[in-house]
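In case you want the letters, here they are:
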Amino acid sequence: MQAEQTVLRLIVRNHPGVMSHLCGLFARRGFNVEGILCVPLEEGACSAVLLLVADDRRNAQIVAQLRKLEDVIEVHPDPGARRTFDAVARYVQPAAPG
Amino acid sequence: MKATGAELIMRLLERQGIAIVAGIPGGASLPLYDALRASTIRHVLARHEQGAAFIAHGMARATGTPAVCFGTSGPGATNLLTGIADAKLDSIPLIAVTGQVPRGMIGTDAFQEVDTYGLTVPITKHNYMARSAGELLEIVPDAFRIATSGRPGPVVIDVPKDVQTETVEFVRLPEPGRPDPPPAADPADIARAAALLNAAERPVLLVGAGIIASGAAPVLCRLAERAGIPVAATLLGLGVLPDAHPLFLGMVGMHAARSTNLVLEECDLLIGLGIRFDDRATGKASEFCPRARILHIDIDPSELGKIKQPTLGLVADVGEALHDLLPLVIPNDRRAWRSRVSALRATHPLVTPGADDPCEPYGIVRHTAALAGPDAIVTSDVGQHQMWAAQAFPFSRPRQWLTSGGLGTMGFGLPAAIGAALALPDRRVVCFTGDGSLLMNVQELATLAEEELDVKIVLLNNAHLGLVRQQQELFYGGRYHASRFHAEPDFAAIARGFGIVAHDLGETAEPHAVLARALGEPGPCLVNVPITRDANVYPMVPPGAPNREMIDGASHAS
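Residues numbered from 1 in each chain as written. Chains lettered and ligands numbered in written order. Predicted model: local features only at pLDDT ≥ 70, side-chain atom pairs only at ≥ 80, totals over all residues. Heavy atoms only, no water.

Asks: When you look at the overall build of chain B in this model, what are you seeing that I'm missing?
Replies: Across its full length, chain B holds 23 helices and 20 strands. Against the globule reference of 24 Å for 558 residues, chain B gives a C-alpha radius of gyration of 24 Å, in line with a compact fold. Across its three principal directions, the C-alpha atoms of chain B cover 70 × 65 × 40 Å. Residues counted as buried form 59% of the 558 residues belonging to chain B. Here the analysis covers contacts within chain B between residues at least 6 apart in sequence; of these, 75% occur between residues at least 24 apart. (Helix = DSSP H or I, 4+ residues; strand = E, 2+ residues; numbered from the N terminus. Rg over C-alpha atoms; globule rule 2.2 N^0.38 Å. Buried < 20%, exposed > 50% of the residue type's maximum accessible area, 1.4 Å probe, protein only. Contact = heavy atoms within 4.5 Å.)

In structure tokens, the structure reads:
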């Protein structure tokens, strides 16, 4: 993981189109998302999404654009969640040979 | 109460005050049309769904209220995409309801199936696929709330055919969707804004579509007059101040009068109201208003700092913010600055050669304006004719000028004029178009004839894609390619073929008289105006250059 990364934590409505909206926003605005984790919350009406993004001066604009999405309920920086991405990265590494 | 999904949609649209819908039926929307037939809503049958979408644009832009268009699944939906994208870029409250294949067939490459939801994600403010008739009870009012709240924008509702026919029981119909209350500006920020404004020595107000969306033209005028501040407009802000108002500088940017861009070079406070610092208005953004601090008021928080970092940015409905600001503004006639501005305008006025000749670009715009009168609504297509109209037409009020700004879609003008005429049947509508643009939605001449609307199409015909030819001349060493229409259709004959009266200023020794007759007779008509084929729009800021680097006719003449 590079030093200049941070995590945004979103609460979003849980329905089939939401990931399209999030990923589409990043693609068309030219924002680079390095990693995504998405899990449903209890009751299933909402999901939590963690986005691993570059921590640079475009962040404010990214957050502003995310807040405009109707399916996004909350957006907060959550830099501590980087260790969650580290754990997932360890999990998906191919097993060492021998 | 019980209703099918289709019936529910109609009743909810009726409750939203929708009186007219433009569209084209198809297999996947037949249940919708069956319910529409029984509804009080009037349907206007377009001849291409893109036409239907732009008819809705005309209705929405002329009235400021949401407008609805219908398309079927597959090609019906894809044909709507351009109009939806146009609404996204110009912030228009457009609602498109599309038929979709039955739920069980989604994802099977069924007949006339496309992923309408997926296709419209990037070009809508929000979109829905209704997965049951019951969901429509929430979706339709919510769609109207979203389309009209804050910064307006398009919403798509995709409705599978079996959802249209599914029956749902409910206790009562929901309340119609209404706009959310806008964010209120912080009084401390309003005080800071007043301080910036009062302290400025050479301020300029730059107004855009947001002022019109907010209904803020009157308060803007009072502010400008109280504080003695000149006002410039983006393309979509034209009409906020009457053209003849002494404080009005005209349009800013790529085809501004030279003096307007020079005034902005010298200003020390740029007050941006309901604008988004679009590149056509700013030129090279890093060099826009180089000596100025920036005060930016907009209802969309993501616009503050997107292009230019403001000294002070306020998120608010701009009309409400101006009402809060006005009492804190110190009356000031700013004599020195106004005098400097007048000097610049006297030295570098907008040059309008041929303004007396109805067969020259500026002439046809000016003569049409005089004959059509100040109550006429004016639509345009895209290109040289659009810029000549923006420069030379004496706009007098908001929602008079309907043009495709952000997307710049050729083919907008005729259907938008149809929509404006449908929404405001007591007003005359004039559509300035070009021979390239008119062909793009020429099929809507049939819709125009059928609806018998008072729309006058003024066709500036130069047998070219004029602005492309101009750019090839100025920036590609005159290497013209694919910008000349070698086949030159007889547009008067085409119009008559569609059942529309046509006049041709090229076929008469009395063009003034023919134009006067054409604009004076009620009903639809087309006026073909052959114009000089190599005329250029001046001044012009080259794409990517700062606004102070304007090319004009004199300096370019060889």
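What follows picks up the thread again.
Asks: Teacher, can you tell me more about the interface of chain B and chain A here?
Replies: Where interface size is quoted, it is often the accessible area lost as the parts come together. Each partner contributes residues to the interface: chain B has 13 residues there, and chain A has 13 residues. Of the roughly 1100 Å² buried where chain B meets chain A, counting both sides, 51% is carbon and sulfur surface. Among the residues chain B hides against chain A, the three largest losses belong to Val121(B), His126(B) and Ser302(B). Together they make up 39% of the total. Joining chain B to chain A, the criterion identifies 2 salt bridges. The residue Asp300(B) makes a salt bridge to Lys68(A) at a minimum N-O spacing of 2.5 Å. Scanning the region where chain B abuts chain A turns up 7 residue pairs in polar contact (both at pLDDT 80 or more). (Buried area = accessible area lost by both parts, 1.4 Å probe. Salt bridge = Lys/Arg side-chain N within 4 Å of Asp/Glu carboxyl O. Polar contact = N/O pair within 3.5 Å; in protein donor to acceptor, adjacent residues only side chain to side chain.)

Asks: Explanation requested: the sheet that holds strand S9 (residues 203-207) of chain B in the structure shown.
Replies: Two orientations exist for strands paired in a sheet by backbone hydrogen bonds: parallel and antiparallel. Residue and element names in this part refer to chain B. On the basis of which strands lie adjacent, the open sheet formed by 6 strands has the order S11-S10-S9-S12-S13-S14 and parallel pairing. This sheet does not close on itself; its edge strands, each paired only once, are strand S11 (248-251) and strand S14 (312-315). In this sheet, neighbouring strand axes are inclined to one another by 15° on average, regardless of whether the strands run parallel or antiparallel. Bridge count for strand S13 (residues 293-298) against S14 is 4 bridges, and the pairing is parallel. Looking across to S14, one finds that His296 is bridged to Gly313. Packed on one face of the sheet, helix H8 (residues 187-199) meets strand S12 (269-273), S13 and S14 and runs near 135° to S14. (Pairing = 2+ DSSP bridges. Axes fitted to C-alpha atoms, helices over the stretch in contact; angles between N-to-C directions.)

Asks: Can you walk me through the pairing of strand S15 (residues 377-380) of chain B in this structure?
Replies: The two faces of the sheet receive side chains in turn, since in a regular strand these alternate between them. Residues and elements named next belong to chain B. Residues Ile377 and Thr379 point to one face of S15 and Val378 and Ser380 to the other, with burial holding for every one of them. Sheet topology note: the S15/strand S17 (residues 429-434) ladder contains 4 bridges and is parallel. In the strand pairing of S17, Val378 is matched with Val430. Sheet topology places S15 next to strand S16 (residues 401-402); 2 bridges connect them, and they run parallel. When the sheet's bridge partners are listed, Val378 is paired in S16 with Trp401.

Asks: Can you help me understand the packing of aromatic side chains in this one?
Replies: Two measures describe an aromatic ring pair: the distance that separates the ring centres and the angle between the ring planes. All names here are of chain B. What the rule picks out here adds up to 8 aromatic pairs over all chains. Measuring from centroid to centroid gives 4.8 Å for Phe395 and Trp401, while their planes differ by 45°, and the two rings are tilted. For the pair Phe395 and Trp401, one class covers both residues: buried. Feature note: the residues Phe393, Phe395, Trp401 and Phe432 constitute an aromatic cluster, connected by ring pairs. (Phe/Tyr/Trp six-rings, centres within 6.5 Å; stacked < 30°, edge-to-face > 60°.)

Asks: Sorry, what's going on with helix H1 (residues 5-15) of chain B here?
Replies: Given 3.6 residues per helical turn, the α-helix brings residues three or four places apart onto the same face. Along H1(B), the positions that sit buried rather than exposed are Gly5(B), Ala6(B), Leu8(B), Ile9(B), Met10(B), Leu12(B) and Leu13(B). A positive backbone phi angle near 85° is found at Gly17(B), which sits one or two residues after H1(B).

Asks: Would you mind going over the pattern of salt bridges with me for this structure?
Replies: If the charged atoms of two oppositely charged side chains come close together, the side chains can form a pair. Residues and elements named next belong to chain B. Across all of its chains, the model carries 32 salt bridges over all chains by this definition. One salt bridge in this structure joins Arg548 and Glu287, with 2.3 Å as the shortest N-O distance. With a gap of 261 residues between them, Arg548 in the loop between strand S20 (525-530) and helix H23 (553-556) and Glu287 in the loop between helix H12 (279-282) and S13 connect regions that are remote in the sequence. Taking the relative accessible area as the measure of exposure, Glu287 reaches 22% and is therefore partly exposed. Note that Arg335 is salt-bridged to Asp333, the shortest N-O span being 2.6 Å. Of the residues examined, Arg335 reaches a relative accessible area of 62% and is grouped as exposed. Residue class for Asp333 comes out partly exposed when judged on its relative accessible area of 41%.

Asks: Mind showing me how you'd approach the state of the cysteines here?
Replies: Here a disulfide denotes one covalent bond, and it connects the sulfur atoms of two cysteines. Residues and elements named next belong to chain B. The tally for this structure, following the rule as stated, stands at 0 disulfides over all chains. Sulfur of Cys69: no disulfide; nearest cysteine sulfur belongs to Cys431 and is 19 Å away. For Cys69, a relative accessible area of 0% gives the class buried. Distance from the sulfur of Cys267, which forms no disulfide, to the nearest cysteine sulfur (Cys289) is 4.2 Å. (Disulfide = S-S within 2.5 Å.)

Asks: Would you mind showing me how to read the layout of surface pockets here?
Replies: A water-sized probe, rolled over the atoms, reveals where empty space remains. Reported here for the second largest pocket is a volume of approximately 890 Å³. Taken together, 38 residues make up the lining of the second largest pocket; nearest its centre are Lys68(A), Lys88(B), Lys125(B), Arg151(B) and Asp300(B). When contributions to the lining of the second largest pocket are tallied by element, the ones reaching two or more residues are helix H1 (18-29) and helix H2 (59-68) of chain A together with helix H4 (75-90) and helix H6 (136-148) of chain B. Taken together, the residues of the lining of the second largest pocket sort by class into 17 nonpolar, 7 polar and 14 charged. (1 Å grid on protein atoms, 1.4 Å probe; cavity = no way out; pocket = protein on both sides within 12 Å on 5 of 7 lines; lining within 4 Å. Points joined across faces, edges and corners; volume = space filled by probe spheres on them. Nonpolar A, V, L, I, M, F, W, Y, C, P; charged D, E, K, R; others polar.)

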